[in-house]
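Given next are the chains, with one letter for each unit.
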Amino acid sequence: MNAEQASGQERLGLMTRALVRGLAWDVGAPLATYYVLHLAGATDWVALLAATGAAGCRLLWTAFKRHSLNPFAMLMVIVFGLGLGLSFLTGDPRFLLLKDSAITGGMGISFLVFAALGHPLTLDAAKTWRPERARELDRDFHSNPAAHRWHLKVSAVWGAGLIAEASTRAVLVYLLPIDVMVGVSAALAVIVFAALIAWTVWDRKRRQASSSS
């Protein structure tokens, strides 16, 4: 392995670790807050309010550290805030479960749209976890074609995965009893999120192995 390959692998490892940690905080913290409270018996309104608050705290924290707004954290505030607004529209429990699909589906669509616009959300997620290296990550994304393609690919996979999760839930809502579906909905979110993180890490290791061979 030459010095250039080693440097490329080091940058890819840095990018992947920052991306996974950023997504865990930006996406995982609000989702975990929502589903933990939901399963503990909290009302949907309370769980959504807490999740919106968690996303808002993340937004304020990154704004304080970076002195700028984090687009990804802001998106999470908007998504959970909309879910909070939708919770007032009807008392139909199936609609409330479909609202969960609207949340993750909206996130998935955002991943795809921002990637199509040339500004993948995965880059923002990585920069929020490593603000001291945000300029380096941004520069690598714009100057390194491999890094550029990798971010677009990861954003596309996350977008497709979240949309698939939302679509699966929407179908199951009308096939399973409500009390069963509440637990299935939470488990579905956890499984898909964990699978997407695991795939991201695996793909980084696969690329490293391919570069060193």
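**Remarks on the overall build of the protein chain**
Looking only at helices and strands, one finds eight helices and zero strands in the protein chain. Listed N to C, the secondary structure of the protein chain is α-α-α-α-α-α-α-α in terms of helices and strands. Element-wise, carbon and sulfur atoms account for 68% of the exposed surface of the protein chain, whose accessible area totals about 10,200 Å².

**Focus: the packing of aromatic side chains**
Considering all chains together, one arrives at two aromatic pairs under this definition. Feature note: the residues Phe 111, Trp 158 and Phe 193 constitute an aromatic cluster, connected by ring pairs.

**What about the packing of helix 6 (residues 134-143) against helix 7 (residues 145-173)?**
Relative orientation of the contacting elements helix 6 and helix 7 amounts to 100°, with a least axis distance of 5 Å. As the angle between them shows, helix 6 and helix 7 are arranged roughly perpendicular. In this structure, helix 6 contributes Asp 140, Phe 141 and Ser 143 to the contact, and helix 7 contributes Pro 145, Ala 147, His 148 and His 151. Of the residues in the contact of helix 6 with helix 7, the class split is three nonpolar, three polar and one charged.

**A few points about helix 6**
If you check which residues of helix 6 are buried, you get Ala 134, Leu 137, Asp 140 and Phe 141. Seen along its axis, helix 6 keeps its buried residues to an arc of 135°; they face one direction. Residues of helix 6 that are exposed and point over 90 degrees away from its buried face: Arg 135, Arg 139, His 142 and Ser 143.

**Some points on the side chain of Ser 110**
As for its placement among the helices and strands, Ser 110 is situated in helix 4 (residues 93-116). Overall, the relative accessible area of 13% leaves Ser 110 in the buried class. Side-chain polar atoms of Ser 110 contact the backbone oxygen of Gly 106, separated by 2.8 Å.

**Structural notes on helix 7**
Here helix 7 is 29 residues long and its end C-alpha atoms lie 42 Å apart, about the 42 Å a rise of 1.5 Å per residue gives. Where helix 7 begins, the capping side chain belongs to Asn 144, and its oxygen is found 3.0 Å from the backbone nitrogen of Ala 146.

**So, a nonpolar patch on the surface**
A grouping of Trp 45, Val 46 and Leu 49 is seen on the molecular surface, where their side chains present a nonpolar patch of about 250 Å² in accessible area. Inspection of the secondary structure puts Trp 45 in helix 2 (residues 44-66).

**A word on the side chain of Ser 101**
With respect to the helices, strands and loops of the structure, Ser 101 is situated in helix 4. Of note is the side chain of Ser 101, whose polar atom sits 2.8 Å from the backbone oxygen of Ala 166. In contact with Ser 101, other than residues within four places in its own chain, are Gly 106, Ala 166, Arg 169 and Ala 170.

**Things to note about the environment of Asp 124**
Along the chain, Asp 124 falls in helix 5 (residues 121-129). Relative accessible area serves as the criterion here: at 2%, Asp 124 is assigned to the buried category.

**Points about the nonpolar core**
If you look at the biggest cluster of nonpolar residues, it comprises 23 residues, and the most contacted ones within it are Tyr 34, Tyr 35 and Trp 158. Examining the composition of this core, we find that seven residues originate from one element, helix 8 (residues 178-212), more than from any other.

**Topic: the environment of Val 201**
On the secondary structure map, Val 201 appears in helix 8. For Val 201, a relative accessible area of 26% puts it in the partly exposed group.

**Some details on the environment of Ala 47**
Positionally, Ala 47 belongs in helix 2. Taking the relative accessible area as the measure of exposure, Ala 47 reaches 0% and is therefore buried. Separated by 15 residues in sequence, Ala 47 and Ala 32 place their C-alpha atoms 10.0 Å apart. Apart from residues no more than four positions distant in its own chain, Ala 47 is found in contact with Tyr 34, Leu 37 and His 38.

**Focus on the pattern of salt bridges**
Across all of its chains, the model carries three salt bridges by this definition. The shortest N-O distance in the salt bridge between Arg 169 and Glu 165 comes to 2.5 Å. Of this pair, Arg 169 and Glu 165 both sit in helix 7, four residues apart, which is roughly one turn of the helix. Both residues of the pair, Arg 169 and Glu 165, belong to the buried class. Linked by salt bridges that have partners in common, Lys 153, Asp 203 and Arg 206 make up one network.

Conventions used here
Residues numbered from 1 in each chain as written. Predicted model: local features only at pLDDT ≥ 70, side-chain atom pairs only at ≥ 80, totals over all residues. Heavy atoms only, no water. Helix = DSSP H or I, 4+ residues; strand = E, 2+ residues; numbered from the N terminus. Areas by Shrake-Rupley, 256 points an atom, 1.4 Å probe, with all protein chains shown as cover. Phe/Tyr/Trp six-rings, centres within 6.5 Å; stacked < 30°, edge-to-face > 60°. Axes fitted to C-alpha atoms, helices over the stretch in contact; angles between N-to-C directions. Parallel < 35°, antiparallel > 145°, perpendicular 65-115°, else oblique. Contact = heavy atoms within 4.5 Å. Nonpolar A, V, L, I, M, F, W, Y, C, P; charged D, E, K, R; others polar. Buried < 20%, exposed > 50% of the residue type's maximum accessible area, 1.4 Å probe, protein only. Arc of directions from axis to C-beta. Polar contact = N/O pair within 3.5 Å; in protein donor to acceptor, adjacent residues only side chain to side chain. Expected span 1.5 Å × (residues − 1). Patch = residues over 30% accessible without salt bridge, like charges linked within 9 Å, V, L, I, M, F, W, Y side chains within 5 Å. Salt bridge = Lys/Arg side-chain N within 4 Å of Asp/Glu carboxyl O. Core = buried A, V, L, I, M, F, W, Y, C linked by side-chain atoms within 4.5 Å.

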